[in-house]
Amino acid sequence: MDAVVEGLEPQAATAEDAARDATDAVDAGPGVTPLLAGNRLSLDLYPRGCHRLLHLCAQQPHQLLEVEFLQLSGHEDPQLLEATLAQVPGSLLRLRSLVLKGGQRRDAGGASLRGSLTTLPAGLSGLACLAHLDLSFNNLETLPACVPQMRSLGALLLSHNRLSELPEALGALPALTFLSVTHNRLQTLPTALGALTTLQRLDLSENLLDTLPPEIGGLSSLAELNLASNRLQSLPASLAGLRSLQLLVLHSNLLVSVPAGLDRLPLLTRLDLRDNQLRDVPPELLDAPFVRLQGNPLGEAPPDPCSPPGTPVVREMPRLFLTSDLDSFPVTSQGCSVTLACGVRLQFPAGATATPVTIHYRLWLPEPRLVPLGPHDSLLSGVLELQPHGVAFQQEVGLWLLFVPPRARRCREVVVRTLSDDSWSDLETQLEEEAPKRLWAHCQVPHFSWFLVVSRPVSDTCLVPPEGTLLCSSGHPGVKVTFPPGATEEPLHVCMQVVRMASRELRALLGEPEGAVSPLLGLSQSGDPSFLRPVTVQLPLPPGVTGLSLDRSRLHLLYWAPPAATWDDITAQVALELTHLYARFQVTHFSCPPRYWLWYTTKTCVGGLARKAWERLRLHRVNLIALQRRRDPEQVLLQCLPRNKVDATLRRLLERYRGPEPSDTVEMFEGEKFFAAFERGIDVDADRPDCVEGRVCFVFYSHLKNVKEVYVTTTLDRQAQAVSFYRGAVPEEVPEEAEAARQRKGADALWMATLPIKLPRLRGSEGPGQRLGASLSLAPLNLGDAETGFLTQSNLLSVAGRLGPDWPAVALHLGLPYRELQRIRHEFRDDLDGQIRHMLFSWAERQAGQPGAVGLLVQALERSDRQDVAEEVRAVLELGRRKYQDGIRRTSLAPGDLGPSGPSASQSLDPAQA
């Protein structure tokens, strides 16, 4: 335990006083003041919240009369909850908002559990000021009778219940402006709904509605109406009379027609009619920019009215939206549309599988063994694995992968690459724009495997029949391959790729202003690589060169086929036919696959230059950065960025980070491995799968972020500390610093850059057996107060190392909203330690300097059934106080010299120094 205590600075007047205060803060039940935030009383995250409220009502404290917002958990005992709510009208006279939601708890599969609420006491109708009532995620089957009597109610939330109907009395709420009844079982609506003339927003999505009452046209103030995912087959004509309507959502229904006049609503800005059965819509809607009609059989013939009985009826396709803590979902013969937490979309058509099957998915970090790239390919996404592998579907499944489009798109295309029969292939891919900088790559897949999005040079393919054919490049019309009749007996597939090299880069490489090269041609084929008759290849002459003025002695036709290491000059081996603009030659086979390149230069030995130019085509110019978080210098951000992205990235990061200038420009291949090595006494303070012998491993992909954040520690008090970047994988024997320095000076050095790191000066050191993060004794966070003591960053890292999968419960008891937990899970997916540290330290940063923070942490640990960690924190506090008192005695400072509130900030002693 001593290793955890380093840096603790309790500031109570005496150890006894501090211990007594800490015990009182933990053991005493919270009164109104600790639970109140302004005029809000939040008891939904506290265990036994109803007991606490009953206790407060019995005491009748003055502050309770000021409460306007009350939150209780819907997971309380139903009888206790009803008894508690019965006390509310007489105790909270000014209550304006009452939240009784369920959904805070989850089952083993990660789904939200409904609360136990089934009704409300009749006395709640006496809440004269109540304007907001949230009863979501409960077990209501009928609307409580007291609700329509709440005359001041402006917002009523009833989503995720079991309501099958709404009472006619609901139309008697004169002030209601917002009504949400999503995810229920509504089959009909009351006609009195049209009497809600003040209603502005109505959400009835995810129900079982098949008709709407004509009276809905009386909602004169309605601005937003959501009826998505119901069973509506028609709409009343009165909808065209909603003159205030701005948003009308009707997607995922069974509509076969829409009423006339919707296009004439003066304020309508969006009409969503996607995924219905519309075959014909008014021309005015077809041309309207605010109408969405995707997924409708527009223009198709209607079903035959004479269809025999038993013809299957079209049913609504289920839609699933997976959260980050779910990695599987079921698919039945009905089909479904699925959106994964990582942004991937899947659509299983009806009949894709005859029997139910469970689909599992996982998003892998890209690495060379999972990312097959050609010489000029670029990776645009992570690697998606869908299981079960190899299971063939009876109909192809739609797959949408989200990616950020590359800046250079001329003569390049984006494809989805997949593994099939132990070989990688590219699927036919369409691009759909979601936003200016976000695109979907859409393809159809017959079975599941691994999938990734790749940018490649445009590939032109053709099927060569025995009669012969002509293959032309779509990006470079001057590049052609002519297959004469009889070149092959069996049809075969041929693929062509053409890559252009910038003239400026070539002149810099050759050192002569008149040097030029043609586009680089790559060919491949399926089947026998030899042809029965010669095939003619045409390449354009290099820029600036014509057949009338060229010097044939300077023209070189180069050939390369892997796995050869050099380019061969085959000019003397072929009959080169020259025209004014083109050069033609004949070949008898495509092997391995071949590449052809036409050079015009005064150099005589061109093969070595071509090898360098070939590498230059595939290299990316990048800079390396190492930044430290301003509020937490031990958190270091490492990133490798293409040179054109450095300035914009630094402008975004320097608000939260500081550090040296980026490294000098270096060159890297797509998919090249490199690693960062912290030197001069700095250690990586984590057990990470991408960390080998304290070296952080990377793989460079030009269109991905190539960024990692690590926590570091140091055992030396040195100012000149640094991180260095080296090419390749981490060697089995990592060289010592002196050896690494010598390697930097070699001609083929693996070293790329060294950037300085400035860590805080140490105030003590630890012995062996350190716990996670305990070697840091200077805490940039000042968590705690004089009464309960202070915790350092080292102590918090120790707590983080003990929480494990229980961290979400601790976070909720610390007051973090559930949406933030979902964001942390998504941002640090596949990294449990990162999730825990980010949650704990982001909370600690917000609590820095606030009184009672340490006590709040201890309470959250206890309420999450982590009494073991809570006891450890208490022991840390007590041991820190004892060390502090020992230091006072050894330095002959009497307790009376410290004053009633302990030492000041300038007088506080570090326990290690004491």
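As the structure is a prediction and not an experimental result, all values here were calculated from the model.

1. Remarks on the overall build of the chain
Then step 1. Along the backbone of the chain there are 16 helices and 50 strands.
Then step 2. In the chain, which comprises 914 residues, the proportion classed as buried is 48%.
Then step 3. A separation threshold of at least 6 residues defines the contact pool for the chain, and within that pool the share at least 24 residues apart is 61%.
Then step 4. Looking at the chain as shown, the accessible area adds up to about 42600 Å², and 51% of this sits on carbon and sulfur atoms.

2. Observations regarding the side chain of His376
Then step 1. Its place among the elements puts His376 in the loop between β17 (357–364) and β18 (378–379).
Then step 2. Residue His376 is classed as buried on the basis of its relative accessible area, which comes to 12%.
Then step 3. With sequence-adjacent residues up to four places away left out, His376 is seen in contact with Arg412, Ser455, Arg456, Pro457, Val499, Leu520, Trp614, Leu617 and Arg618.

3. Details of the sheet that holds strand β44 (residues 691–692)
Then step 1. Taken together, the 5 strands give an open sheet; going across it, the order is β44-β45-β42-β47-β48, and neighbouring strands pair in antiparallel fashion. At either end of the open sheet lies a strand with only one pairing partner, and these are β44 and β48 (751–757).

4. Some details on the packing of helix α14 (residues 832–847) against helix α15 (residues 853–863)
Then step 1. Relative to each other, α14 and α15 sit at 145°, their axes nearing to 11 Å. Crossing of α14 against α15: the hand is right-handed. For the pair α14 and α15, the contacting residues are Leu840, Trp843 and Gln847 in the first and Ala853, Leu856 and Leu857 in the second.
Then step 2. Classifying every residue of the contact of α14 with α15 gives 5 nonpolar, 1 polar and no charged.

5. Here we look at helix α8 (residues 607–618)
Then step 1. Counted at 1.5 Å a residue, the expected span for α8 with its 12 residues is 16 Å, and the 17 Å between its end C-alpha atoms agrees.
Then step 2. Where α8 is concerned, the buried positions are Leu609, Ala610, Ala613 and Trp614. Seen along its axis, α8 keeps its buried residues to an arc of 140°; they face one direction.
Then step 3. Elements in contact with the buried residues of α8: α7 (503–510), β31 (520–525), β33 (555–560) and β37 (595–600).

6. Quick word on the pattern of salt bridges
Then step 1. This model, assessed by the stated rule, comprises 18 salt bridges.
Then step 2. A salt bridge links Glu367 to Arg369; its shortest N-O distance comes to 3.1 Å.
Then step 3. Relative accessible area serves as the criterion here: at 29%, Glu367 is assigned to the partly exposed category.
Then step 4. Classification of Arg369 by relative accessible area gives exposed; the value is 60%.
Then step 5. Where Glu709 meets Arg629, a salt bridge forms, and the shortest distance between an N and an O atom there is 3.8 Å. One end of the pair, Glu709, is in strand β46 (residues 707–714); the other, Arg629, is in strand β38 (residues 619–629), with 80 residues separating them in the sequence.
Then step 6. By relative accessible area, which is 31% here, Glu709 ends up partly exposed.
Then step 7. A network of salt bridges, in which partner residues are shared, links Asp377, Glu413, Arg417, Asp426 and Arg456.

7. Structural notes on α15
Then step 1. Counting buried residues along α15, 9 of its 11 residues qualify, which places the element largely inside the surrounding structure.
Then step 2. Of the positions making up α15, those classed as buried are Ala853, Val854, Gly855, Leu857, Val858, Gln859, Ala860, Leu861 and Arg863.
Then step 3. Immediately downstream of α15, the backbone of Asp865 shows phi near 60°, a positive value.

8. Focus: the sheet that holds strand β27 (residues 469–472)
Then step 1. If you walk across this open sheet you meet the 5 strands as β27-β28-β32-β36-β35, and the pairing is antiparallel. Each edge of the open sheet is held by one strand with a lone partner, namely β27 and β35 (577–578).

9. Re the packing of aromatic side chains
Then step 1. Under the criterion given, the structure shown has 17 aromatic pairs.
Then step 2. Ring geometry for Phe393 against Phe448: centres 4.9 Å apart, planes inclined by 65°, an arrangement best described as edge-to-face. In this pair, Phe393 sits in the loop between β19 (383–387) and β20 (397–403) while Phe448 sits in the loop between β24 (438–445) and β25 (450–457), placing the two residues 55 residues apart along the sequence. By the burial criterion, Phe393 is buried, and Phe448 matches it.

10. Some points on the pairing of β31
Then step 1. For β31, the tally of buried residues reaches 5 of 6 residues, placing the bulk of the element in the interior.
Then step 2. Examined bridge by bridge, strand β29 (residues 492–499) and β31 share 6 bridges and lie antiparallel to one another. The residue bridging Val499 from the neighbouring strand is Leu520, located in β31.

11. Describing the side chain of Ser378
Then step 1. Counting through the fold element by element, Ser378 comes out in strand β18.
Then step 2. Here Ser378 is in contact with Leu373, Arg412, Val453, Val454, Ser455, Glu670, Ser702 and His703, once residues within four sequence places are set aside.

12. Notes on the environment of Arg162
Then step 1. Position of Arg162 relative to the elements: it lies in the loop between β6 (155–157) and β7 (178–180).
Then step 2. Taking C-alpha positions, Arg162 is 9.2 Å from Phe137, a pair spaced 25 residues apart along the chain.
Then step 3. Arg162 has contacts with Arg114, Asn139, Leu140, Glu141, Asn184 and Arg185, leaving out every residue within four places of it along the chain.

13. A word on the confidence of the model for the chain
Then step 1. Taken over all residues, the pLDDT of the chain has a mean of 78, while the share at 70 or more is 81%.
Then step 2. When the elements of the chain are averaged for pLDDT, helix α1 (residues 2–5) gives the smallest value, 32, and strand β28 (residues 480–483) the largest, 94.
Then step 3. Note that residues 762–780 has pLDDT below 50 and, in this model, 59 contacts with residues that lie over four places away or in other chains.
Then step 4. Considering only residues more than four positions removed or in separate chains, one finds that residues 891–914, a stretch of pLDDT under 50, has 32 contacts.

Calculation criteria
- Residues numbered from 1 in each chain as written.
- Predicted model: local features only at pLDDT ≥ 70, side-chain atom pairs only at ≥ 80, totals over all residues.
- Heavy atoms only, no water.
- Helix = DSSP H or I, 4+ residues; strand = E, 2+ residues; numbered from the N terminus.
- Buried < 20%, exposed > 50% of the residue type's maximum accessible area, 1.4 Å probe, protein only.
- Contact = heavy atoms within 4.5 Å.
- Areas by Shrake-Rupley, 256 points an atom, 1.4 Å probe, with all protein chains shown as cover.
- Pairing = 2+ DSSP bridges.
- Axes fitted to C-alpha atoms, helices over the stretch in contact; angles between N-to-C directions.
- Left-handed = near helix turned anticlockwise from the far one by under 90°.
- Nonpolar A, V, L, I, M, F, W, Y, C, P; charged D, E, K, R; others polar.
- Expected span 1.5 Å × (residues − 1).
- Arc of directions from axis to C-beta.
- Salt bridge = Lys/Arg side-chain N within 4 Å of Asp/Glu carboxyl O.
- Phe/Tyr/Trp six-rings, centres within 6.5 Å; stacked < 30°, edge-to-face > 60°.
- pLDDT = per-residue confidence, 0-100.

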